[in-house]
Amino acid sequence: MVAGVLFIAFGLLLAGGVPVGIGLGLAGALAIVLAGQSIMAMPTNVYAGIAKYPLIAIPMFVLVGSVFERTGVALRLVRFASAIVGAGRGALASVAVLVAMVLGGITGSGPANSAAVGQVMTKSMVEDGYPRPFIASTVAAAAATDILIPPSIAFIVYAVLVPGVSVPAIFAAGMIPGLLAGLFIIGAVVGISILRDFGGKAQAREVLTLWQTFSEAIWGLLAPVVILGGMRIGIFTPTEAAVVAVFYGLFVGFVVYRTLTFRDVYEMLVEAGEISAVILIVVALATVFAWSTSTLGIVRPIAEWIVGLGLGSGGTLVLLTLVLVVVGMFLDGISIFLILLPILLPIAATFGWDLTWFGVVLTMMIAIGQFTPPMAVNLMVSCRIAGVGMETTLPWVTWLVLAMTAAAAAVMAVPDLALWLPRAMGLG
């Protein structure tokens with residue numbers, strides 16, 4: 001009875017336009033009251049939800065994304081990637097994906113990546129003969145690799161919530177699947193471009209030399225190396241790496257490129273503060289929801305029911321991934337983790353799944369949801385920048401969803417695609 005009220009109340013609040021975090025908190029509080037529990041459990045859980053040291057990295061990585069977006073790193077990466085790829089059908093589309101993957105090693109946020117790449121690439125891709133709906137689809141799908149290629153805010157939250165999973169280990173585990181997803185997307189956009197004759201239409205194109213563009217982009221290319229390399233050799237923790245990345249970005253903006261002003265810094269701090277506040281409010285209030293599901297005995301019956309379907313390890317994994325793709329169309333990755341992990345972890349334990357690999361698989365499904373209509377957050381951003389309606393992207397985004405699904409299927413079938421690198425680095 002209480003379980004039904006909990007989920008129905010949350011669904012009605014979402015349908016009524018209540019923000020996700022507030023809906024989670026109110027539904028959880030209602031379940032606590034109906035179950036006769038003390039409402040004083042709510043403030044305790046709200047505090048416990050965010051009083052975790054690794055979560056300090058979230059506002060820092062959000063700020064890193066803002067810093068690198070304003071320094072002009074994205075534009076320089078586009079020039080360098082264009083010099084590598086050249087001109088022709090599918091070339092600029094490939095550049096958009098490559099740049100999004102590099103920025104994924106800096107920003108940690110899919111929508112932020114979608115905005116940065118979309119603002120830089122849309123105009124030049126239109127001039128080169130790409131239709132705007134295809135541009136929006138490509139940018140949104142490419143930006144979805146952001147939560148797979150470290151640093152990833154979703155990975156940080158997962159590691160905080162799951163005992164035995166460290167942030168460095170899941171960061172390393174996401175690297176190869178993230179690159180694989182990017183390569184599958186590149187294959188799809190190039191194939192579509194060749195078949196539909198997209199690209200290579202610009203009348204005049206600046207001649208870009210590889211060395212010149214590399215020297216301009218080197219500071220942006222080094223950012224992921226500084227962040228991940230410093231964690232690997234033990235100079236700093238993931239939380240400290242986020243702070244180092246902020247100062248690195250400020251150094252590049254003020255000293256190297258000289259594109260930042262103190263007014264920019266103020267605006268970036270405000271923007272990062274607002275985004276971080278939203279994320280941490282969701283984390284805090286979702287903890288009330290998660291506490292309700294576990295304390296009221298809701299989790300075990302659901303987990304036992306799913307295991308009892310008799311689908312086996314592979315069938316259960318396929319079922320869960322399908323559910324996650326659908327849920328990912330409506331909710332962000334952090335909310336999904338906080339709501340569903342209490343149910344998913346007992347299932348993973350039943351089948352003996354590696355929790356680091358499982359986290360990567362879950363995140364890949366969430367990434368697919370980020371650019372799958374109707375509520376795809378990445379696609380919303382890229383469509384707004386491209387000036388098109390989301391419904392116009394369906395002929396193109398469907399193929400890109402299939403491409404990333406194929407990459408996810410490869411990681412599910414071959415767990416070493418995720419687990420080899422952390423083992424080789426001595427992280428798990």
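Residues numbered from 1 in each chain as written. Predicted model: local features only at pLDDT ≥ 70, side-chain atom pairs only at ≥ 80, totals over all residues. Heavy atoms only, no water.

## Re the environment of Val165
And then number 1: Position of Val165 among the secondary structure elements: in the loop between helix H9 (153–161) and helix H10 (167–196).
And then number 2: With 194 residues separating them in the primary sequence, Val165 and Gly359 have C-alpha atoms 9.0 Å apart.
And then number 3: Setting aside anything within four residues of it in sequence, one finds Val165 in contact with Tyr158, Ala159, Ile170, Leu355 and Thr356. (Helix = DSSP H or I, 4+ residues; strand = E, 2+ residues; numbered from the N terminus. Contact = heavy atoms within 4.5 Å.)

## Concerning the pattern of salt bridges
And then number 1: Applying the stated criterion across every chain yields a total of 2 salt bridges.
And then number 2: Here Glu267 makes a salt bridge to Arg263, at a shortest N to O gap of 3.3 Å. A residue pair is termed a helical-turn pair when its members lie 3 or 4 positions apart in one helix, as Glu267 and Arg263 do in helix H13 (residues 262–295) at 4 residues.
And then number 3: Taking the relative accessible area as the measure of exposure, Arg263 reaches 59% and is therefore exposed.
And then number 4: As a salt-bridge pair, Asp416 and Arg423 come within 3.1 Å of each other at their nearest N and O atoms. (Salt bridge = Lys/Arg side-chain N within 4 Å of Asp/Glu carboxyl O. Buried < 20%, exposed > 50% of the residue type's maximum accessible area, 1.4 Å probe, protein only.)

## Some thoughts on the side chain of Ser137
And then number 1: Note on placement: Ser137 falls in helix H8 (residues 132–143).
And then number 2: Other than its neighbours up to four places away in sequence, Ser137 contacts Leu379, Thr393, Trp396, Val397 and Leu400.

## Structural notes on unusual backbone geometry
And then number 1: One non-glycine residue, Asp197, lies in the positive phi region at around 60°.
And then number 2: Locating Asp197 in the fold gives a position in the loop between H10 and helix H11 (210–232).
And then number 3: One non-glycine residue, Arg258, lies in the positive phi region at around 55°.
And then number 4: Here Arg258 is to be found in the loop between helix H12 (238–256) and H13.

## Concerning the nonpolar core
And then number 1: Core analysis: the largest hydrophobic core is formed by 140 residues, its most contacted members being Tyr158, Trp357, Phe358, Met364 and Phe371.
And then number 2: Ranked by the residues each element gives to this core, the list is headed by H10, at 13 residues. (Core = buried A, V, L, I, M, F, W, Y, C linked by side-chain atoms within 4.5 Å.)

## A word on helix H20 (residues 416–424)
And then number 1: Listed as buried for H20 are Ala418, Leu419, Leu421 and Pro422. All buried residues of H20 project into a common sector of 160° when viewed along the axis, lining one side. Away from its buried face by more than 90 degrees, H20 exposes Trp420 and Ala424.
And then number 2: Buried residues along H20 sit against H10, helix H17 (355–369) and helix H19 (394–413).
And then number 3: Phi for Gly426, located one or two positions after H20, is positive at around 75°. (Arc of directions from axis to C-beta.)

## Overview of the environment of Ala169
And then number 1: With respect to the helices, strands and loops of the structure, Ala169 is situated in helix H10.
And then number 2: According to the relative accessible area criterion, Ala169 is buried, its value standing at 5%.
And then number 3: With 147 residues separating them along the chain, Ala169 and Ile22 place their C-alpha atoms 32 Å apart.
And then number 4: With residues near it in sequence (within four places) discarded, Ala169 still touches Thr356, Pro422 and Leu427.

## Side note on the packing of aromatic side chains
And then number 1: Applying the stated criterion across every chain yields a total of 12 aromatic pairs.
And then number 2: Residues Trp353 and Phe358 carry aromatic rings whose centres are separated by 5.3 Å and whose planes lie at 35° to one another, so their mutual orientation is tilted. Of the two residues examined, Trp353 and Phe358, each falls in the buried class.
And then number 3: Within the aromatic cluster, the residues linked to one another by ring pairs are Tyr130, Phe134, Phe198 and Trp396.
And then number 4: Its end group placed over the ring of Tyr257, Arg76 keeps NZ or CZ at 3.8 Å from the ring centre. (Phe/Tyr/Trp six-rings, centres within 6.5 Å; stacked < 30°, edge-to-face > 60°. Lys NZ or Arg CZ within 6 Å of the ring centre and 35° of its normal.)

## Re H12
And then number 1: In a regular helix each residue adds 1.5 Å, so 19 residues correspond to 27 Å; H12 covers 25 Å between its end C-alpha atoms and thus fits that length.
And then number 2: Tucked inside the fold, the buried residues of H12 contact helix H4 (57–71), H10 and H11. (Expected span 1.5 Å × (residues − 1).)

## Side note on the packing of H10 against H19
And then number 1: Orientation of H10 relative to H19, taken along the N-to-C sense of each, is 145°, at an axis distance of 9 Å. As for the relative orientation of H10 and H19, their crossing is right-handed in sense. Across the interface between the two elements, Pro177, Leu180, Ala181, Phe184, Ile185, Ala188, Val189, Ile192 and Arg196 from H10 touch Trp396, Trp399, Leu400, Ala403, Met404, Ala406, Ala407, Ala410 and Val411 from H19.
And then number 2: Along the lines of polarity and charge, the residues of the contact of H10 with H19 split into 17 nonpolar, no polar and 1 charged. (Axes fitted to C-alpha atoms, helices over the stretch in contact; angles between N-to-C directions. Left-handed = near helix turned anticlockwise from the far one by under 90°. Nonpolar A, V, L, I, M, F, W, Y, C, P; charged D, E, K, R; others polar.)

## Some points on the packing of H8 against helix H18 (residues 377–386)
And then number 1: Where H8 meets H18, the closest approach of the two axes is 8 Å, and the angle between their N-to-C directions is 145°. The chirality of how H8 crosses H18 is right-handed. Where H8 abuts H18, its residues Arg132, Ala136, Ser137, Val139, Ala140 and Ala143 lie against Asn378, Leu379, Ser382, Cys383 and Ala386.
And then number 2: Within the contact of H8 with H18, the residues separate by chemical class into 7 nonpolar, 3 polar and 1 charged.

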